[in-house]
Amino acid sequence: MKAKYTIKVPGRMISPLSFDSDENVYFSTPDTFYRVSNGCVEEVSGGKPTQQVTAYMMEWLNQLVMWPPLAVSGNNIFLPGTKEDHHSTLSLIDSKQGPLWNYCSSGHGVGVVPCSLGGCFFLSELGTENGRQYSVEKIDRFGNKEWEKRYTGQPFHTFGPKGGSDRILFFHGNDWARDHYVMRLTQLDADGKETRIDEFTQSRTFRPLWTKGGSFLLVSIKSDAKTSLYEIRKYDQDPETGYYLSGKWLFDDMFYVGDWRVSPSGNYLCHTGGNTASIGNWSSIISLFSLNEHSDRKDIFIERETPVDLVCTPHYTVPLVTDSGVVLSAWHHQKSNLIFLTDFSVPEIPTHQIRNSSKTTLLMEEHNSKLYLMETSGGYVYLSVFDKW
């Protein structure tokens, strides 16, 4: 598998990628913002990446917001600035004309969702005497605040959709409380109207997932010592009324740990995990869920044909799922990093090794039929782009 091009920048971690309407690529390391255009990389000035949010931490922290990557709308970039005295700045920059406006938030900016008519929804974290608060501000296309909503003691666990919308969903609540446990899925529209979409009052583990088209999937998991019950809920958006519950699926199985990914359309959900009940060894398993009326599921046990182990460390990258049912997975084994192409459309589910690299894989993303592979080695981050894979 030969790359169309590869660029490298100093650093060990990288944010997820963003793309503008000209197919330029944007990302950040913990120190610098970058733009990649036609295989050439350049620094983007005018902002400061959020130090604590990296690709690795976005996978593992419960506080999952999209900051970074850079929020891009057309050729405009919403760029975070430095934090000063409990405030942070947000700038709108035209990739060709330069800065358009600057905004100073009431707290520490941690999330942004562009609006289709300009402006954005801006999520900030506020430290107060009574504990932590979260603020959602609506900023118009000229950089002026239209309204603000505040939530006390209820951390946000997702904020989107990633591609932008005139309505946003966020998942929040007091999930640490034993006596008053509640988690809410809430919608805000551009006028500040708040609508409760769903609510959960029983303790469980949640995994929020966004599709490329703006649909939202919520995987909730209830486990005991032997089994896990997976409930998958999908929320689509009606042009008139907004988000609604469009489907629900239930699966039960042995107790696994691992991670989840969804295809761009939301028709396929993939879980990669290991069986902790195995005797001294991990059982590396990929499960593909077809979210249709039959609730189909297919499993593949990687270790039966390929001697690799699933290791939950930064060296392990969760699978990339496409709408053809093909999953691209990266595995860490000793000093070689193997990448396999697993085709679920074939009954016997064959697995083919397509790459072996000495670099450590950080992320894999698919955009407009191109594969973007992000790796690190020797104090540098490498971004490779593949046309066919």
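Data block above holds the structure.
Note that this is a predicted model, so its numbers are computed, not measured.

**Student:** So what exactly am I meant to see when it comes to the side chain of Glu375 here?
**Tutor:** Following the sequence through the fold, Glu375 ends up in strand S31 (residues 370-377). Judged by its relative accessible area of 1%, Glu375 is buried. Look past the residues within four positions of Glu375 in its chain and what remains in contact with it is Arg355, Ser357, Lys359, Thr360, Thr361, Leu362, Tyr380, Val381, Tyr382 and Ser384.

**Student:** Would you take a moment to explain the environment of Gly173 for this structure?
**Tutor:** Among the structural elements, Gly173 can be located in strand S15 (residues 167-173). With 27 residues separating them in the primary sequence, Gly173 and Phe200 have C-alpha atoms 9.4 Å apart. Excluding anything up to four places from it in sequence, Gly173 contacts Gln154, Pro155, Val182 and Met183.

**Student:** How should the packing of aromatic side chains be read in this particular structure?
**Tutor:** Two numbers describe a pair of aromatic rings. These are the distance of the centres and the angle of the planes. Enumeration according to the criterion identifies 18 aromatic pairs in this entry. Pairing Tyr230 with Trp260 gives two aromatic rings, centres 5.2 Å apart and planes at 85°, and the pair type is edge-to-face. Separated by 30 residues along the polypeptide, Tyr230 in strand S20 (residues 227-238) and Trp260 in strand S22 (residues 256-262) bring together distant segments of the chain. Here Tyr230 and Trp260 have matching classes, each one buried. Note that Lys8 overlies the ring of Tyr380, its terminal NZ or CZ placed 4.4 Å from the centroid. Sitting above the plane of the Tyr382 ring, Lys359 keeps its charged end 4.8 Å from the centroid.

**Student:** Help me understand the sheet that holds strand S2 (residues 18-19), please; the structure alone is not making it clear to me.
**Tutor:** Within a sheet, neighbouring strands are paired by backbone hydrogen bonds and run either parallel or antiparallel to one another. In space, the four strands of this open sheet follow the order S2-S3-S4-S5, with antiparallel pairing throughout. Only two strands of the sheet have a single partner each, and these edge strands are S2 and strand S5 (40-44). Pairing of strand S3 (residues 25-28) with strand S4 (residues 33-37), which is carried by four bridges, proceeds in the antiparallel orientation. Across the sheet, residue Phe27 finds its bridge partner in S4, namely Tyr34.

**Student:** Would you take a moment to explain the nonpolar core for this structure?
**Tutor:** Where a protein is soluble and globular, its nonpolar side chains tend to be buried together. With 17 residues, the main nonpolar core has Leu17, Phe27, Tyr372 and Leu383 as its most contacted residues. Mapped by element, the contributors of at least two residues to this core are strand S1 (5-10), S3, S4, strand S30 (360-367), S31 and strand S32 (380-386). Not counting the four nearest positions on each side in its chain, Leu383 is found in contact with Tyr5, Thr6, Ile7, Leu17, Val25, Phe27, Val36, Tyr372, Leu373 and Met374. Val136, Trp147, Phe156 and Leu188 belong to the second-largest nonpolar core, a separate cluster that totals 14 residues.

**Student:** How should I be thinking about the side chain of Arg204 in this particular structure?
**Tutor:** Along the chain, the position of Arg204 falls in the loop between strand S17 (194-200) and strand S18 (205-210). A polar side-chain atom of Arg204 sits 3.4 Å from the main-chain carbonyl oxygen of Gln202. A distance of 3.3 Å separates polar atoms of two side chains, one belonging to Arg204 and the other to Ser220. Beyond its immediate stretch of four places on either side in the chain, Arg204 contacts Tyr181, Ser220, Ile221, Lys222 and Glu231.

**Student:** Please explain the sheet that holds S32 as it appears in this structure.
**Tutor:** Spatially, the four strands line up as an open sheet ordered S1-S32-S31-S30, and their pairing is antiparallel. Of all the strands in the sheet, the pair left with one neighbour each is S1 and S30. The average angle at which neighbouring strand axes cross in this sheet is 20°, direction not considered. Bridge count for S31 against S32 is seven bridges, and the pairing is antiparallel. Counterpart to Leu373 in the pairing with S32 is Ser384.

**Student:** Sorry, what's going on with unusual backbone geometry here?
**Tutor:** The phi torsion of most residues other than glycine is negative, and most of the peptide bonds are trans. The peptide bond linking Gly160 to Pro161 adopts the cis configuration, its omega dihedral lying at 20°. Structurally, Pro161 can be placed in the loop between strand S14 (156-160) and S15. Phi is positive for Asn38, close to 55°, though the residue is something other than glycine. Here Asn38 is to be found in the loop between S4 and S5. Note on Asn38: relative accessible area 77%, which makes it exposed. For Asn368, which is not glycine, the phi torsion reads 50° and is therefore positive. Mapped onto the fold, Asn368 is located in the loop between S30 and S31. Judged by its relative accessible area of 40%, Asn368 is partly exposed.

**Student:** What exactly am I supposed to notice about the environment of Asn102 here?
**Tutor:** Its place among the elements puts Asn102 in strand S9 (residues 98-104). Take Asn102: its relative accessible area is 57%, and that puts it in the exposed class. A C-alpha to C-alpha distance of 9.7 Å links Asn102 and Pro80, two positions 22 residues apart in sequence. Excluding its chain neighbours within four sequence positions, the residues that come into contact with Asn102 are Leu90 and Ser91.

**Student:** Hey, could you run me through the pattern of salt bridges in this one?
**Tutor:** Working definition: two side chains of opposite charge can pair if their charged atoms are close together. All chains considered together, the criterion is met by eleven salt bridges. Between Asp387 and Lys370 there is a salt bridge, and its shortest N-O distance comes to 3.9 Å. Here Asp387, found in the segment after S32, pairs with Lys370, found in strand S31; they are 17 residues apart in sequence, far enough to count as distant. Classification of Lys370 by relative accessible area gives partly exposed; the value is 24%.

**Student:** Where do I start with the environment of Asp323 in this structure?
**Tutor:** Relative to the helices and strands, Asp323 resides in the loop between strand S26 (317-321) and strand S27 (326-333). Separated by 54 residues in the primary sequence, Asp323 and Leu269 place their C-alpha atoms 9.8 Å from one another. When sequence neighbours within four positions are dropped, the list of residues in contact with Asp323 reads Ser263, Pro264, Ser265, Gly266 and Tyr268. Among the polar contacts listed, one links the side chain of Asp323 to the side chain of Ser263, at a separation of 2.9 Å. Polar contacts involving the side chain of Asp323 include one to the side chain of Ser265, which spans 2.4 Å.

Reading guide: rules and limits
- Residues numbered from 1 in each chain as written.
- Predicted model: local features only at pLDDT ≥ 70, side-chain atom pairs only at ≥ 80, totals over all residues.
- Heavy atoms only, no water.
- Helix = DSSP H or I, 4+ residues; strand = E, 2+ residues; numbered from the N terminus.
- Buried < 20%, exposed > 50% of the residue type's maximum accessible area, 1.4 Å probe, protein only.
- Contact = heavy atoms within 4.5 Å.
- Phe/Tyr/Trp six-rings, centres within 6.5 Å; stacked < 30°, edge-to-face > 60°.
- Lys NZ or Arg CZ within 6 Å of the ring centre and 35° of its normal.
- Pairing = 2+ DSSP bridges.
- Core = buried A, V, L, I, M, F, W, Y, C linked by side-chain atoms within 4.5 Å.
- Polar contact = N/O pair within 3.5 Å; in protein donor to acceptor, adjacent residues only side chain to side chain.
- Axes fitted to C-alpha atoms, helices over the stretch in contact; angles between N-to-C directions.
- Salt bridge = Lys/Arg side-chain N within 4 Å of Asp/Glu carboxyl O.

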